[in-house]
Structures are given as C-alpha cells and as structure tokens.
Protein chains: 2
Amino acid sequence: MSIVHDYLDANQERFVAELFEYLQHASISTQSERKQELLACVEWLVAHCRSIGLTARAVETSGNPVVLAQTPYRPGKRPHFVLYGHYDVQPPDPLSEWVSPPFSPVIENGFIRARGASDNKGQHFAHLKALEAYLHTGTELPCDITIMIEGEEEVGSHSLPTFLAAHKAELACSALVISDTTIPAINLPGITCALRGLVSAEIHVIGPNRDLHSGIYGGAVENPAMVLCQLLARCRDEIGDVLIPSFNDTVRELSSEEQADLARLGGDETAFCQKLGVTGTLGLPTLNVPMKTTAKPTFEVNGLAAGYAGEGIKTIIPSSAVAKISMRLVADQHPKTAFNALENYLRSLCPANVRLEIAAGFLAAPYSLDSTNPYLSAAISALRVAFIIPVLNDHKSLSGSPRVDS
Amino acid sequence: MSIVHDYLDANQERFVAELFEYLQHASISTQSERKQELLACVEWLVAHCRSIGLTARAVETSGNPVVLAQTPYRPGKRPHFVLYGHYDVQPPDPLSEWVSPPFSPVIENGFIRARGASDNKGQHFAHLKALEAYLHTGTELPCDITIMIEGEEEVGSHSLPTFLAAHKAELACSALVISDTTIPAINLPGITCALRGLVSAEIHVIGPNRDLHSGIYGGAVENPAMVLCQLLARCRDEIGDVLIPSFNDTVRELSSEEQADLARLGGDETAFCQKLGVTGTLGLPTLNVPMKTTAKPTFEVNGLAAGYAGEGIKTIIPSSAVAKISMRLVADQHPKTAFNALENYLRSLCPANVRLEIAAGFLAAPYSLDSTNPYLSAAISALRVAFIIPVLNDHKSLSGSPRVDS
C-alpha cells in the first residue's frame, strides 16, 4: 500500500487544483437557465474520470445526465461496490452572504470554501483520487468499483429510480456507499448507518361553499380552520410523541450500542438553543438532542393556511383550511402503512359537517443497517485506519451506531 | 294623523325619485379615491334635510363628516330621540355580479336594487320622509328628533366615539333608534333588541429564529404551528361551546319569551345547509339555527398562516405561526374580561419552549334591551300598526325577543 500512499502524498497539490476546477462549475440544478453550466460540469467530470483510467460516460435521463465511471473490468469474482455522489449543487443565494465568490474556491484555515465543496463534490472527488492512486501506480484493486454521480440530488432525484431500474444488472453490487452525509464532528468520525423515512401529506378541511360572516353564521356552521386545528392537535402530544393509533407499533427500539453512541453525541444543549433562539428543547429531559432527532418518529406541521391572515381582521368562518404535514419514520416503519394510519385516524376524528381530503406526498422508507453487517465492519475498519482517532461506531473499541437523518 | 298619511301617499313617487338621487351617489368609504363622491353625497344629504325643514349640518371629524339633522326646537319638555343611520356604502365589487349598475337604481318586483338601498340609505330616508310629512303638513311632532348619519360604518366607525363624546349634550336623548338591522322575514316584522358583542385577537406562536429542516431538528425543537393548533383546539369543543375558563360565567340565559321567539324563527334547516354546501349544522340538534347563532357566545378561527402552504412541500419546522380569531359575546359578557380570560388560558397552556404573543383587536360589548323597556313597547306598537300582520316580539299578542347579530 505504501506506493499508493506515496502517490497520494506526492500529488496532493495537483488534486486540490483539480478539485478547484470541478468546483468552478456552477452546476446548479434548481435553475434551468444554468443548464449549460451544468452540462459543462458533466463534460469536465467524464473527461476527468477517463484521465484517471476509468471507463466513463454520461447517461442521458429525462432530467440531468448521470455520470457512470467504472474501474477496468478484471475477469474473476471480485466483489463489486457502487459509490454514490452528485455533481449538482444548491443555488448560492443570497450572494451577499458569501465572503468570497461561491464558484471561486479558496482555502482558509485548512478548509476549502466554495459552493458544492462539501455537498457533494469534495467527497466523491476524494474517492476518484483514491482510484487514481491505485490505477496510476499499477496496484491491483481488491474489488470492482462503479462511481455513479447524479445531477438531480438538489431537486428530488426524480430521474434516478428509472435510471436505476434500467441499469439494474450493471449496478448489481455487494454494497452501495453514500458519502453525501456528515460525520458527527471533525474529531469524531463515524459511519451513518441509518436514515429516517418520510411521509408527507396535504390535509384539506372543507366547509361552506364560501367564507361566511361569523356573526350571522357563527355557532350554526362548523369552522374548517378550527376542525383542522383540532385534528392536528390530536396527532402529537406535548413531548413530541405521535398519537396516531398503530403508528408506533413497528418502531424498532434502539439497541444498547446505538443508545450509547447517541449518548456520546450530546453536545452543548444551551448553545444549541441559543443558536436557534429558543429557550428550551422539545421532548423528555432525559434525552439529548441527537436522541430526540433520530431515535423516534415525528409529526410536523410544515404549513397552515386558512381564511384571512393579513393586516387587520375579517370576522369570517373560512370556507376551507389546509395543512401541509410531514412525518419522519424510523426502522421498521412503513411509509404507506403510516400514511394509512394517519388517514384512518383523521377520518375517525373529523366531524360529519365538514369534508376531509387527505393526499399523500413523499413516501420514503426509513433505512437502518444491521450493526453486524460485514461491509459496515469493513467501512469502520477503514475509517479507523484513516482517521487514527477513535471512530464513533467502532464497537471493537467503542460502542453504538448513530441514526442520522436524510 | 290622516293628513300625514295623505301627504305620504300623495308624494310617494317623488320620494322614490329622491331616494334614487341619494342612491346614485357612490359614497364608498373603503376606497379613499372615492372621497369626492362621498363628500358630494354629504352635500346632497344636508341640502335635502334642509329642504324638509330640518336644521342640518355636516360635522367634520378626523374621518368622514357626520350629518346631524334636527327638528325645529320647540320649548317644552318633549322627549328627544336620536335616529342613527350611515350614508356610506360597501364597494360594489365584483361589478360583473351586478345585473344592473350598482349606482343606477332600478325597481324590480317591488324592490329597489342599488348599492346602499338596504344598507342603509333606504331605512333612514324613510325616517326623513316621515319627518317631512309632519313638518310640511304643520302637524305637531310629539317629540324632538335628531337624525345622526355617519359615513364610516363600513370601515369601523373610527371617528364616532370621539364625535359622540364631543356632542354629548346635544345628543342626550331618551332612546336611540338604529335601523341598520333586518327583520326576521318580510312577513314577520320584529324589533332587534339585542346585538352580540365582539372580541377579536391576533395570536402569534414564535419558535426558532428561522424555519428549520424538520429532518435535522424535528423532535428536538418545538413546532410553533403545532402549538398554535393545540392552543386553538382547546378553546372550543365539538358542539361549539367555548372552553375558556370563566369565559361563560356571566352569560345571561335567554328568558322564556326570548326562547319562544327564537323557536318561531326556525326555518328550513335542510335548505339552510344546501345553500351553504354543508351536510349538517354545528351544535346541539335540539337547537335551531337562530338559537345557535344568537343565544350563545362563539369562538371562531378567522385565519391561519404558518410555514409553507403553497404547491408541493417544504419539510420545515416553521419559525412562527399566526391565527386571527374572534369571539361573539352575549349579554352580560364583557369584552375586556373575555379577552383577558382568553389570554390567561392560552398562557397557561402554552409550552415554555415557544413564545406566545396575543393582541386584542376589536372589543365591542354585547347589547340587550330589557323586554319591559317602555320605548321598546312603543316601537312594537308602532310596528304593529304599520305592518298590520303580527310582530315577532309583540308580547301583547305573541311572545319573545330575538337576538340578532352585528
């Protein structure tokens, strides 16, 4: 391995210069007028992968292309791994908040500052450079690797399911590695081995066929905004637990190892509150913030609209009211089952004198990696070697595995 | 009296023509760009009052002028009555809904159609014509009368309290007659002898200093939109009763006469629901619609706004949430007491991890006239004579007195 490490050390300056080239591309997927810059980024990326020695191509989709880059195929039964990344970035607005231009990378105190540096160009570029070090030094890789870099992560990855289905055979692999997450802290590396799922829904309560004068009709006609409040109020208790019947039935409790990991992630709750401008957190005082935000499902009201909420007052019974809600799921909850439980519950609570409409939005399953998974052990070992310092979920020396959210 | 009646009969055609002149003035108080038309209306009205034989003037206020017209003062101790009306009208929008132009009056099936015909120019114009009949026939009035016609009724009568205080002596009277209400039905005349009061308020629940990602923070940070729903949900039960402690303490129960009047006002509840597009009414099945809308206080959510309620979904914890609410009060509730009860209740319920701001809007006391009031009896007698058919709250022949809302 020393030849590989020597290559990495000898070429670091060039690697950074190349990463800067990559970061200079304003590959913003949320703004269609930046499409040419995004495609220029794809062209640069494919060429760069080829220069490393990978077989690379941009695969057209109904949205932005997916870049597929593969190590030279070696006959034999080596395991195959797929590495995921995305070349698209968030828009840099508001521009006035940037201390240096977002697409002109700079190094400051050992950190690269540029749009996309950590989300997510930097991560998969490091993977590419690792492959380059193997390929350019003629060191045999212990596995086949495909790097799949998409361009719609920031806009919902709409083309990805179709792409994956169409390339199922080519992408069949022992494990998929995603580096589009974080580590708990710079001095606490860790592997993200669980992601919460998501159910979103739009709830309409529909009453009279027009806004009514609350003086003339109030008391005789049900108020859809009040009904909406009463329905939502009964979905969550004051410590944040979801009250929907059967919703929590399949929730997998954290293992003692997971609990121990989360306990170590505590951090300064006073600073957390100060940063957010709140006087306290939600939930049981016995739980720390990482436990509250990862171990349990949630029910959130994301938006409310009804009647007149502008300046002054209109004394009306609004004709209808709407809420946007979302629920985070943990292992082993199922999004469709969770949505159905919500719908059944709300229908059972809703009075007959208004109409309830509820439509599902996102339905994403939670993910949780078994802590005995051999590839997880391999990843933890690699992290231990690379970081030297202890790794959070290295249960050979420590304990636990954190759930981190999508 | 026959000379007065003869005068009225002989001049009806001219009266209608004059009313049409009055109705042609677009005296819209909600649109400041119509101010000139509103002032032209005032000028016409003062001149018309003078032509009748009244002492009339337009009194400037901080808003629109109040027209004061008085019968010639006769030494002696006759009772003094004040008649209230308003010359301002609602805007006629949407204009496409009018089958004839709003400020070009027409007669159709015995009804005048024009903006302001029934709200409220027609009513006080009838009063003016009654006075004209007395004055032009030289018939002695049994009382002194002041007609006070304001121009801000449709925008909240903001200048009226100051005006009334400044003209207290001049307006001192035995009774004030307001004709800016309705009768239960064209074949059921009645005197409105109670009006519900009103408390409006704006409620803000304020959480984190910005919208937060519900995946990263959900479970650890309280959701202001959820708190708002939970607070409002506990203000009213499923039959419409207000749940605020002490709020209902002073509510005066209806007398048996009032209950009997309201029972007679039943109407077709199926048709009521069909017209509004609802499948049923709110409240106890033993009560009819007039009872539900007049006998009890109410709590209404008039508007809600929080987070993102547009197309799609933003999975956020909104930084804050706002509700506009209003409460109708009945005798003998007090608006300030009711507002304080609401504020105390919400503060007692609100969790400590969010901030609650609550501001009072309108505070209007309920009004209820004692059924033994001699002026009420006089008004009922007059109505009996004028309409020939039975009068709702004529308890010499019938029973009860309805509460009708402002």
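Report follows, based on the coordinates. The structure presented is a predicted model; accordingly, all values stated were derived computationally and were not measured.

Focus on the overall build of chain A
Within chain A, the secondary structure is distributed over 12 helices and 15 strands. A principal-axis box enclosing the C-alpha atoms of chain A has dimensions of 85 × 50 × 45 Å. Considering chain A as a whole, with its 406 residues, one finds that 50% of them fall into the buried category. Within chain A, counting contacts between residues at least 6 apart in sequence, those at least 24 apart form 74% of the total.

Structural notes on the interface of chain A and chain B
The partner chain B presents 70 residues to the 70 residues of chain A that form the contact. Taken together, both faces of the contact between chain A and chain B bury some 5600 Å²; the carbon and sulfur share is 56%. Taken together, the connections running from chain A to chain B amount to two salt bridges. A salt bridge links Arg236 of chain A to Glu222 of chain B, with the nearest nitrogen and oxygen atoms 2.8 Å apart. Here chain A is connected to chain B by 38 residue pairs in polar contact (both at pLDDT 80 or more). Counting residues per element, the side of chain A that touches chain B draws most heavily on strand β11 (residues 298–307) of chain A, which supplies 10 residues. Looking at the side of chain A that touches chain B, its residues break down into 31 nonpolar, 25 polar and 14 charged. Pairing analysis gives five bridges linking β11 of chain A to strand β11 (residues 298–307) of chain B, with the strands arranged antiparallel. Bridge assignment links Ala305 of chain A to a residue of β11 of chain B, and that residue is Ala305 of chain B.

Considerations on helix α1 (residues 2–23) of chain A
In an α-helix, one turn spans 3.6 residues, which is why side chains three or four residues apart end up on the same side. All names here are of chain A. Between its terminal C-alpha atoms α1 stretches 29 Å, which fits the 32 Å expected from 22 residues at 1.5 Å a residue. At Gln12, α1 shows its strongest bend, of approximately 60 degrees. Turning to α1, its buried residues number three or more, namely Val4, Tyr7, Asn11, Phe15, Glu18, Leu19, Phe20, Tyr22 and Leu23. Packed against the buried residues of α1 are α2 (35–52), β4 (106–108), β5 (111–113), α3 (117–136) and β6 (144–150).

Examining the pattern of salt bridges
What the rule picks out here adds up to 28 salt bridges over all chains. Where Glu132 of chain A meets Lys129 of chain A, a salt bridge forms, and the shortest distance between an N and an O atom there is 2.5 Å. Taken together, the residues Glu132 of chain A and Lys129 of chain A, both in helix α3 and three residues apart, mark about one turn of the helix. Considered together, Glu132 of chain A and Lys129 of chain A belong to a single accessibility category, that of buried residues. Note that Arg347 of chain B and Glu343 of chain B form a salt bridge whose closest N and O atoms lie 3.1 Å from each other. Separated by four residues within a single helix, Arg347 of chain B and Glu343 of chain B lie in helix α11 (residues 335–349), roughly one turn from each other. Arg347 of chain B gets classed as partly exposed once you look at its relative accessible area, which sits at 40%. Put simply, Arg14, Glu18, Lys129 and Glu132 of chain A are held in one network by salt bridges that share partners.

A few points about the relation of the copies chain A and chain B
Overlay of chain A on chain B (RMSD 0.4 Å): rotation 180 degrees, translation along the axis 0.2 Å. Such values leave the two copies arranged in the relation of a two-fold axis. Across chain A, the smallest distance between a C-alpha and the rotation axis is recorded for Cys229 of chain A, namely 2.2 Å.

A few points about the packing of aromatic side chains
Per the counting criterion, the structure on display carries 10 aromatic pairs over all chains. Note on Phe81 of chain A and Tyr375 of chain A: the rings are 5.4 Å apart at their centroids and 80 degrees apart in plane angle, and the pair reads as edge-to-face. Placement of the pair is Phe81 of chain A in strand β3 (residues 80–86) and Tyr375 of chain A in helix α12 (residues 374–387), with a sequence separation of 294 residues. Taking the relative accessible area as the measure of exposure, Phe81 of chain A reaches 16% and is therefore buried. Using a relative accessible area of 36% as the deciding quantity, one classes Tyr375 of chain A as partly exposed. On the numbers, 5.9 Å between centres and 35 degrees between planes, the contact of Phe272 of chain A with Tyr217 of chain B is tilted. Note that Phe272 of chain A is positioned in helix α9 (residues 269–276) and Tyr217 of chain B in helix α6 (residues 214–217), a pairing that runs across two chains. Its relative accessible area of 17% is what places Phe272 of chain A among the buried residues. Through a chain of ring-to-ring contacts, the aromatic side chains of Tyr22, Trp44 and Phe125 of chain A assemble into a single cluster.

Here we look at the pairing of strand β1 (residues 55–59) of chain B
Moving residue by residue along a regular strand, the side chains alternate between the two faces of the sheet. All names here are of chain B. By the bridge criterion, five bridges tie β1 to strand β2 (residues 66–70) in an arrangement that is antiparallel. Residue pairing across strands places Arg57 opposite Leu68, the latter belonging to β2. Linking β1 back to β2 in an antiparallel pair, the connection comprises six residues.

As for the sheet that holds strand β13 (residues 320–329) of chain A
Strand-to-strand pairing in sheets goes through backbone hydrogen bonds, with the strands running parallel or antiparallel. Reading across the sheet, the eight strands line up as β14(A)-β9(A)-β13(A)-β11(A)-β11(B)-β13(B)-β9(B)-β14(B) and stay open at both edges, with antiparallel pairing between neighbours. Each edge of the open sheet is held by one strand with a lone partner, namely β14 (355–364) of chain A together with β14 (355–364) of chain B. Direction aside, the axes of adjacent strands within the sheet are offset by 20 degrees on average. The sheet contact formed by strand β9 (residues 197–206) of chain B and strand β13 (residues 320–329) of chain B spans 10 bridges and is antiparallel. Residue pairing across strands places Val205 of chain B opposite Ala321 of chain B, the latter belonging to β13 of chain B.

Overview of the packing of helix α2 (residues 35–52) of chain B against helix α3 (residues 117–136) of chain B
Residues and elements named next belong to chain B. Two numbers describe how α2 lies on α3: the axes approach to 9 Å, and their chain directions differ by 25 degrees. The orientation of α2 with respect to α3, classified from their angle, is roughly parallel. Each of Cys41, Trp44, Leu45, His48, Cys49, Ser51 and Ile52 in α2 lies in contact with α3, whose residues at this interface are Lys121, Phe125, Leu128, Lys129, Leu131, Glu132, Leu135 and His136. Per-class residue counts for the contact of α2 with α3 are nine nonpolar, three polar and three charged.

Some points on the packing of helix α1 (residues 2–23) of chain B against α3 of chain B
Residue and element names in this part refer to chain B. It is the contact of α1 with α3, at a shortest axis distance of 10 Å, that shows an interaxial angle of 140 degrees. By the angle class used here, α1 and α3 are oblique. α3 is crossed by α1, and the crossing has right-handed handedness. Of the residues in α3, those in contact with Val4, Tyr7, Leu8, Arg14, Phe15, Glu18, Leu19, Tyr22 and Leu23 of α1 are Ala117, Lys121, Gly122, His124, Phe125, Lys129, Glu132, Ala133, Tyr134 and His136. When its residues are assigned to classes, the contact of α1 with α3 shows 11 nonpolar, three polar and five charged.

Comments concerning a nonpolar patch on the surface
Residues and elements named next belong to chain A. A cluster of nonpolar side chains, Ile183, Phe387 and Ile389, forms an exposed patch at the surface whose accessible area comes to about 200 Å². Looking at the secondary structure, you find Ile183 in the loop between β7 (175–178) and β8 (194–195). Under the relative-accessibility criterion, Ile183 is labelled partly exposed at 34%.

Let's talk about the side chain of Glu300 of chain B
The topology assignment puts Glu300 of chain B in strand β11. No salt bridge is formed by the buried Glu300 of chain B, whose closest oppositely charged neighbour, Arg236 of chain B, lies at an N-O distance of 5.2 Å. In terms of polar contacts, Glu300 of chain B uses its side chain to reach the side chain of Asn223 of chain A, at 2.7 Å.

Considerations on the environment of Pro79 of chain A
Residue and element names in this part refer to chain A. For Pro79, the location among the structural elements is in the loop between β2 (66–70) and β3. Exposure remark for Pro79: the relative accessible area of 33% places this residue in the partly exposed category. In this structure Pro79 touches Pro142, Cys143, Asp144 and Ser174, once residues within four positions along its chain are discounted.

Focus on the sheet that holds β7 of chain A
Residue and element names in this part refer to chain A. With mixed pairing, five strands are arranged side by side in an open sheet as β1-β2-β6-β3-β7. Lying at the two open borders of the sheet, with one neighbouring strand each, are β1 (55–59) and β7. Each adjacent strand pair in this sheet contributes to an overall mean axis angle of 20 degrees, direction not counted. Of the pairings in the sheet, the one linking β3 to β6 comprises seven bridges and is parallel in character. Each bridged residue has a counterpart across the sheet, and for His86 the counterpart in β6 is Glu150.

Reading the values: rules and limits
Residues numbered from 1 in each chain as written. Chains lettered and ligands numbered in written order. Predicted model: local features only at pLDDT ≥ 70, side-chain atom pairs only at ≥ 80, totals over all residues. Heavy atoms only, no water. Helix = DSSP H or I, 4+ residues; strand = E, 2+ residues; numbered from the N terminus. Buried < 20%, exposed > 50% of the residue type's maximum accessible area, 1.4 Å probe, protein only. Contact = heavy atoms within 4.5 Å. Buried area = accessible area lost by both parts, 1.4 Å probe. Salt bridge = Lys/Arg side-chain N within 4 Å of Asp/Glu carboxyl O. Polar contact = N/O pair within 3.5 Å; in protein donor to acceptor, adjacent residues only side chain to side chain. Nonpolar A, V, L, I, M, F, W, Y, C, P; charged D, E, K, R; others polar. Pairing = 2+ DSSP bridges. Expected span 1.5 Å × (residues − 1). Bend = angle between axes of the 7 residues up to and from the residue. Least-squares fit on C-alpha atoms with pLDDT ≥ 70 in both. Phe/Tyr/Trp six-rings, centres within 6.5 Å; stacked < 30°, edge-to-face > 60°. Axes fitted to C-alpha atoms, helices over the stretch in contact; angles between N-to-C directions. Parallel < 35°, antiparallel > 145°, perpendicular 65-115°, else oblique. Left-handed = near helix turned anticlockwise from the far one by under 90°. Patch = residues over 30% accessible without salt bridge, like charges linked within 9 Å, V, L, I, M, F, W, Y side chains within 5 Å. Areas by Shrake-Rupley, 256 points an atom, 1.4 Å probe, with all protein chains shown as cover. Lys, Arg positive; Asp, Glu negative; His and termini not counted.

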